[in-house]
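Next come the chains, spelled out residue by residue.
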Amino acid sequence: ALSCGIVGLPNVGKSTLFNAITQAGAESANYPFCTIDPNVGVVEVPDERLDKLTELVVPKQTVPTAFEFVDIAGLVAGASKGEGLGNKFLAHIREVDAIVHVVRCFQDENITHVSGKVDPLGDIQTINLELILADIDSVDRRIDRSRKNMKGGNKQYAQEVEVLERLKAALYEDRAARSVELTEEEHVLVRDLHLLTMKPVLYAANVSEEEVADAEGNPYVKLVREFAAAENAEVVPISAKVEAEIAELEGEDKAMFLEELGMQESGLNRLIRSAYKLLGLYTYFTAGVQEVRAWTIRKGMKAPQAAGVIHTDFERGFIRAEVVAYDELVAAGSMNVARERGQLRLEGKEYVVQDGDVMHFRFNV
Ligand code: GDP
């Protein structure tokens, strides 16, 4: 399953947020392929389209799609030099697909800040520096190796060294690897380095419970926004403490509490949706009377691989798919009307699945 790592300095609210995530957590019986680990929280992705399809089809059950948040606590200054449990944590970051970087924007005299004062930009730089140093290490080692291989006259290594040098230059200027523009082909050359600063990132600005209704009024949030804008990253203001309280409530109690706080929906839902977008993920649906369900794929996946997300047999025995776009199905009001309108398409092995496709697979067993 795809995963998002939660990182940040100590005492910024990571565990509080992670607890809210596990509390709000998914029904694990529905997601047997997800990791069982105290540091992994499985979340369901809120999606209005799923509610709409449920109204339309009236199935026995509705199952949202899910992905994983991994709590990567313990990152401190000096991690790249092995301080604390440095290397272990960096290795965990290497395994996730995207990063949620929690930044402390709340004031609280009683809670110590590692550097003595609330300083979100300083905190971001401290963490980013560790990631950059770790990447410099990886890039330097690879450059040495590729230079040796280049002597054999292999063109690919020459091109690889050229790309690595560009990455190295950026890293030495304190810039993340993701800030270097690479072509698809160049990306492939360095993909197996799994550079930490190549991963997409979003900043979760942790504000106090009093500020949650007007988080943009918090001057620290403003600073984080300015910083993030320069690197094309997104910012989600959130109050970890409030989210932990919301996660304990259900139904009407939850709705009332949100209203009291002046919130449309939980910050966690916004964070989940942003993280999903950050991962570059698409959702397709299956809609039968037994079950209406959302499934996650990567952008660009073809029909057989998309079917494989449900079951490997579906991919192996794939024949074709019946597909209708979500908007067309909803406008038609039923599968039958969509069929009469000629909106139900038959697609083969080469079909690239689109976000919002409602699919039915035909396969050999
Ligand atoms: P971590 O070290 O980053 O995992 O931080 P924790 O989640 O353990 O939080 C550190 C302390 O800050 C705890 O005492 C939390 O209760 C507190 N804390 C976290 N979020 C907030 C918040 O939004 N407001 C306030 N006042 N305290 C918070």
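Let me begin by describing the structure that accompanies this report. Keep in mind it's a predicted model, so treat the numbers as computed, not measured.

What follows deals with the sheet that holds strand β7 (residues 234–238). Strand order in the open sheet formed by six strands is β2-β4-β1-β5-β6-β7, with mixed pairing between adjacent strands. At either margin of the open sheet sits one strand with a lone partner, and together these are β2 (40–44) and β7. Here the strands of the sheet are splayed against their neighbours by 25° on average, with no regard to which way each runs. Note that strand β5 (residues 98–104) and strand β6 (residues 201–206) share six bridges and pair parallel. Within β6, the residue paired with Ile-99 across the bridge is Val-201.

Within the fold, Asn-11 resides in the loop between β1 (3–7) and α1 (14–23). Considered as a pair, Asn-11 and His-113 are 102 residues apart in the sequence and their alpha carbons are 6.6 Å apart.

With respect to spatial proximity, 18 residues lie near the ligand, and among them Gly-13, Lys-14, Ser-15, Thr-16 and Lys-241 are the closest. Secondary structure elements with two or more residues in the shell around the ligand: α1 and α8 (240–247). Residue contributions to the shell around the ligand peak at three residues, all from α1. Of the residues assigned to the shell around the ligand, the class counts are six nonpolar, eight polar and four charged.

About the thresholds
The residue count restarts for each chain, going from 1 along the sequence in the order it is written. Owing to the predicted nature of the model, reporting of local features is limited to residues with pLDDT of at least 70; listing and counting of side-chain atom pairs is limited to 80 or more, with chain, interface and lining totals taken over all residues. Following DSSP output, two strands are said to pair if at least two bridges run between them. Segments assigned H or I by DSSP are reported as helices when at least four residues long, segments assigned E as strands when at least two residues long, and all are numbered from the N terminus. Between N-to-C directions, angles span 0 to 180 degrees; the directions come from axes that are lines fitted to C-alpha atoms, helices contributing only their stretch in contact. By definition, a residue lies near a molecule or strand when the C-beta atom built from its backbone is within 6 Å of it. All residues other than Ala, Val, Leu, Ile, Met, Phe, Trp, Tyr, Cys, Pro, Asp, Glu, Lys and Arg, Gly among them, are scored as polar; the first ten of these are nonpolar and the last four charged.

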